[in-house]
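Observations on chain architecture
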Amino acid sequence: MTEEKIIILILLSPILFIQSIFLFIDAKKRNSYAWFWGLWGLIQFPLPSILYWFFVVRPQNKQQRKGASKWKS
């Protein structure tokens, strides 16, 4: 390995690890395939985080807003 590749690996590893932990913990709270999101978060950055937001976080927020608006009246 060249010196540049080693530096990139050292800089990228913590980012992937933190992303993976965040996705796993949050998906576990939301009951949404925690192992899948955690493992995928270790492989690449930032696509898993972006897709997690679109497919898990955003739909749940919409459901909560709809439920809250029904009970306001």
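The next subject is a nonpolar patch on the surface. Together, Phe 17, Ile 21, Ile 25, Trp 35, Leu 39, Leu 42 and Ile 43 make up a nonpolar patch on the protein surface, roughly 760 Å² of accessible area in all. Sorting the residues of the nonpolar patch by element identifies helix 1 (3–29) and helix 2 (34–43) as the ones contributing at least two each. Broken down by element, the nonpolar patch gets its largest block of residues, four residues, from helix 2. Considering the arrangement of structural elements, one finds Leu 39 in helix 2.

A separate point is the packing of aromatic side chains. One pass over the structure, following the stated rule, counts six aromatic pairs. Their ring planes at 75° and their centres at 5.1 Å tell us that Phe 36 and Trp 37 sit as a pair that is edge-to-face. Residue classification places Trp 37 among the buried positions, given a relative accessible area of 7%. Cluster of aromatic residues (ring-pair linked, three or more members): Phe 36, Trp 37, Trp 40 and Tyr 52.

Scoring rules and cut-offs
Residues numbered from 1 in each chain as written. Predicted model: local features only at pLDDT ≥ 70, side-chain atom pairs only at ≥ 80, totals over all residues. Heavy atoms only, no water. Patch = residues over 30% accessible without salt bridge, like charges linked within 9 Å, V, L, I, M, F, W, Y side chains within 5 Å. Areas by Shrake-Rupley, 256 points an atom, 1.4 Å probe, with all protein chains shown as cover. Salt bridge = Lys/Arg side-chain N within 4 Å of Asp/Glu carboxyl O. Helix = DSSP H or I, 4+ residues; strand = E, 2+ residues; numbered from the N terminus. Phe/Tyr/Trp six-rings, centres within 6.5 Å; stacked < 30°, edge-to-face > 60°. Buried < 20%, exposed > 50% of the residue type's maximum accessible area, 1.4 Å probe, protein only.

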